[in-house]
Amino acid sequence: MRRLADAALGSTRTRVLLGALLLLASTIALSIGADRAILLNRLDERIDRELTQEVDELRRLAGGVDPDTGQPFGDDVAAVFDTFFDRNVPAEDEVFLALLDAVPYARSAGALHPVEQLPELVGRWATASGVTFRTDDTPSGPLRSLAVPVRTPGGETAGTFVVARFTEPARREVDEAVRVAATVGGAAFLVAAMVAWGIAGRVLRPLRQLAGATEEISEEDLSHRIPVQGSGELATLSNRFNDMLDRVEHAVTAQRDFLDDASHELRTPITVLRGHIELVDPDQPLTASTRDLLLDELDRMGRIVEDLLTMAKAEQPDFVVPAPVDVADLTGEIVDKARPLAERRWQVQAGAVVVARLDRQRIVQAWMNLVRNAVQHTTAGDTITVFSRVNVGALELGVADTGEGVAPADRDRIFERFGRGDSTRRTRSDGAGLGLTIAAAVAGAHGGRIELRDTPGGGATFVLCLPADDDRNTELEEDGWPAS
C-alpha cells in the first residue's frame, strides 16, 4: 500500500513537473520566435533607412555644382553619378548601380554579386516610374533595393540610381543572436527543470507525509501526526488532517472508555442477578426479598446506563442548548426536588436574582447530582444547603453539607469516572461514581468548571461556577444560611 502511495505521489510529481516544463518550454520558444521576428523587422527598417539615406545624398549632390567645373550639373546626369561614386563608398554588403538610358553605366566596387548581370532585375529598375523598394532573390541571397529615377531640370528621366543591400549577412547575425538566446534559454530550461523537480518534491512532501501517516495510523495507534512547516494550502491541509486525527483519536478513546466503563460497572449487577436467578427454584415463586433485590439491581443497571449515555453525549457539540433561565426560580425547583431524597436538615440560601443563558435540563441534572452526592455522604443529623449567587462575575450554583468532607487524597480522584472517596469513611456511595463527573462535564459545556470547597465548620461544598455576563445579573443581600 505504501508503495502504491509513493508511486501515485511520484506520478503526481512527474505530471506537475511536466506541465510546468511544458509551459516553460512553450514560453521560451514563443519568446525566441517573437524576438527573431522583432529583430528581423527592425533589420528591414534599418536597411530601408540606410538605402533612403544614400538616395538623399544623391539628390543633394544633384542639386549642387560640379566640383570639376564649378557649375551646376544641369542635364549632365553622368557627371552626377561619377561624382557620387567618387565620394561615397558602400558598406560591405551594399552596392550602388547607375543606369543611363536603361543600360548599366557604373557600379560600386566590392559587390557580393555583379547585379548589372541580372538583366531581368535591371529591366525592372530601369522601368521604375518613381521611388521603388523591392526585395529579390539573387545567387548571393535576398537583395533589398531602392530604385530612384534621375530626371533633368526639364523633367525628363535621364537615368536611374539604384542602391541595394544584400540582407543575408545581417540576417545571419540575427540568427546567430537567436541561436545564442536559444542556447541560453535551453540551459536555463535544464536548470529550471532540476530546480522544479526539487521544488515539486518539497511542495508535495506534506502529501507524502500524509500518505505515510495513513499507513502508520491504526485502530491501536492514533497518535501519529504530520509535521507542519511553512504556510499555504498544503500546510493548511496538514493542519486539518492533524485536527481530524485529534477528533478521531478523541472519539475512539471516548468509545473505548465507554465500553470499559460499561463492562466494568455492569459486571457486578449482572453477576448479582445471575447468581440469584441460578438460586431460584423454578418450581417455587420468587420471594419478595429476592424480587426486590433483582429489581434494585436492574434499577442500578438502568442508572449506570443512563449515566454512561450522558457522559457519551457530553462529547457532542449539541450537548447543551442554552436558553434564558431565571436562576432564582431554578434554585427553588432544585430545593423542591431535593427534600424528598432523604431526612436531612435542608436549608436554602436566597437564590440569585439573575437571568442567565443555561441549558435548564442539564443544569438540573448536574445540580441534582451534587445534591445526591451530599445525601450519600451525610446522615440524618447533618445539614445540606442549596444556594445560588453571583460572585465576582461568575454564577455559582452549589450544595454545601456538614458531612464527613473529602479527604485531601481524594479531592482530584472524585471527579474522575467511577472515582469514589476512601471506602473506610463512615458513609459510602452505592452509585456508579459518575455523578460528579457528569456535573463537571455539564459545567465545562457551559464554559465553566466545578469546584470543591470546605464547608465552614466541617463538610464539603461543591459549586458549579458558570459565566454570568448578562447585564441583568443582580443578587439578593445575603444574611447567612436561613432555614427553610
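Scroll up for the structure.
Below, the structure is looked at part by part.

About the criteria used
- Residues numbered from 1 in each chain as written.
- Predicted model: local features only at pLDDT ≥ 70, side-chain atom pairs only at ≥ 80, totals over all residues.
- Heavy atoms only, no water.
- Axes fitted to C-alpha atoms, helices over the stretch in contact; angles between N-to-C directions.
- Helix = DSSP H or I, 4+ residues; strand = E, 2+ residues; numbered from the N terminus.
- Left-handed = near helix turned anticlockwise from the far one by under 90°.
- Contact = heavy atoms within 4.5 Å.
- Nonpolar A, V, L, I, M, F, W, Y, C, P; charged D, E, K, R; others polar.
- Salt bridge = Lys/Arg side-chain N within 4 Å of Asp/Glu carboxyl O.
- Buried < 20%, exposed > 50% of the residue type's maximum accessible area, 1.4 Å probe, protein only.
- Pairing = 2+ DSSP bridges.
- Phe/Tyr/Trp six-rings, centres within 6.5 Å; stacked < 30°, edge-to-face > 60°.
- Patch = residues over 30% accessible without salt bridge, like charges linked within 9 Å, V, L, I, M, F, W, Y side chains within 5 Å.
- Areas by Shrake-Rupley, 256 points an atom, 1.4 Å probe, with all protein chains shown as cover.
- Polar contact = N/O pair within 3.5 Å; in protein donor to acceptor, adjacent residues only side chain to side chain.
- Parallel < 35°, antiparallel > 145°, perpendicular 65-115°, else oblique.

The description of two packed helices rests on the angle between their axes and on the distance between the axes. The N-to-C vectors of helix α9 (residues 360-376) and helix α10 (residues 435-445) enclose an angle of 145 degrees; their axes lie 9 Å apart at closest approach. Remark: the crossing between α9 and α10 carries left-handed chirality. Of the residues in α10, those touching α9 at R362, I363, Q365, A366, N369, L370 and N373 are G435, L436, I438, A439 and V442. Across the contact of α9 with α10, the residue classes break down as seven nonpolar, four polar and one charged.

One pass over the full model with this rule turns up 17 salt bridges. Between D93 and R165 there is a salt bridge whose closest N-O contact spans 2.7 Å. Of this pair, D93 sits in the loop between α2 (77-87) and β1 (94-100) while R165 sits in strand β5 (residues 157-166); the two residues are 72 residues apart in sequence, bridging distant segments of the chain. Judged by its relative accessible area of 11%, D93 falls in the buried class. Residues R124 and E120 are paired through a salt bridge, measuring 2.5 Å at the closest nitrogen-oxygen approach.

Moving on, we get to the sheet that holds strand β11 (residues 449-454). Read from one edge to the other, the open sheet built from five strands follows the order β7-β9-β10-β12-β11, with strand pairing classed as mixed. Two strands lie at the open edges of the sheet, namely β7 (345-348) and β11, each paired on one side alone. Geometrically, the sheet is characterised by an average inter-axis angle of 15 degrees between neighbouring strands, direction not taken into account. Here strand β9 (residues 383-391) runs beside strand β10 (residues 394-401); their pairing, made up of eight bridges, is antiparallel. Across the sheet, the residue bridging to I384 is D401, located in β10. In this fold α10 packs onto β11 and β12 (460-467), with an angle of close to 125 degrees to the strand it touches most, β11.

With that settled, the discussion passes to the packing of aromatic side chains. A full pass over the atoms with the stated rule returns six aromatic pairs. Ring plane angle 35 degrees and centroid distance 6.4 Å describe the contact between F81 and Y105, whose orientation is recorded as tilted. Of this pair, F81 sits in helix α2 while Y105 sits in strand β2 (residues 103-107), and the two are 24 residues apart along the sequence. Given the relative accessible area of 0%, F81 is considered buried.

Once that is clear, we can look at the pairing of strand β3 (residues 132-138). The side chains of a regular strand alternate between the sheet's two faces. Note: β3 against strand β4 (residues 141-151), seven bridges, orientation antiparallel. What sits directly across from R134, in β4, is S145. In this antiparallel pair of consecutive strands, β3 and β4, the connection spans two residues.

We now examine the side chain of D136. Relative to the assigned elements, D136 resides in strand β3. Discounting residues that sit within four places of it in the chain, D136 has contacts with L121, R124, G141, P142, L143 and S145.

The side-chain alternation of strand β8 (residues 355-358) yields one buried face, formed by A356 and L358, and one unburied face, formed by V355 and R357. In this structure, strand β6 (residues 323-326) lies alongside β8, joined through four bridges in antiparallel fashion. From the neighbouring strand, D326 faces β8, where its bridge partner is V355.

Let's shift gears to α10. All of the buried residues in α10 are L436, T437, I438, A439, V442 and A443. G447 lies just past α10 and shows a positive phi near 85 degrees.

Turning next to a nonpolar patch on the surface. Together, V191, M194, V195, I199 and V203 make up an exposed nonpolar region whose accessible area comes to about 460 Å². Residue placement: V203 occurs in helix α4 (residues 168-203).

Following the sequence through the fold, Q347 ends up in strand β7. A polar contact of 3.4 Å, which involves the side chain of Q347, links it to the side chain of T385.

In this structure, G201 sits in helix α4. Considered as a pair, G201 and T12 are 189 residues apart in the sequence and their alpha carbons are 9.9 Å apart. If we skip the residues at most four places from it in the chain, G201 touches R13 and R208.

One way to put it is that helix α8 (residues 327-338) packs onto α9 with a least axis distance of 10 Å and a crossing angle of 45 degrees. In terms of their interaxial angle, α8 and α9 are classed as oblique. Crossing angle aside, the handedness with which α8 passes α9 is right-handed. Along the contact surface, α8 presents D329, L330, T331, E333, I334, K337 and A338, while α9 presents R360, I363, V364, W367, M368 and V371. Taken together, the residues that form the contact of α8 with α9 break down as eight nonpolar, one polar and four charged.

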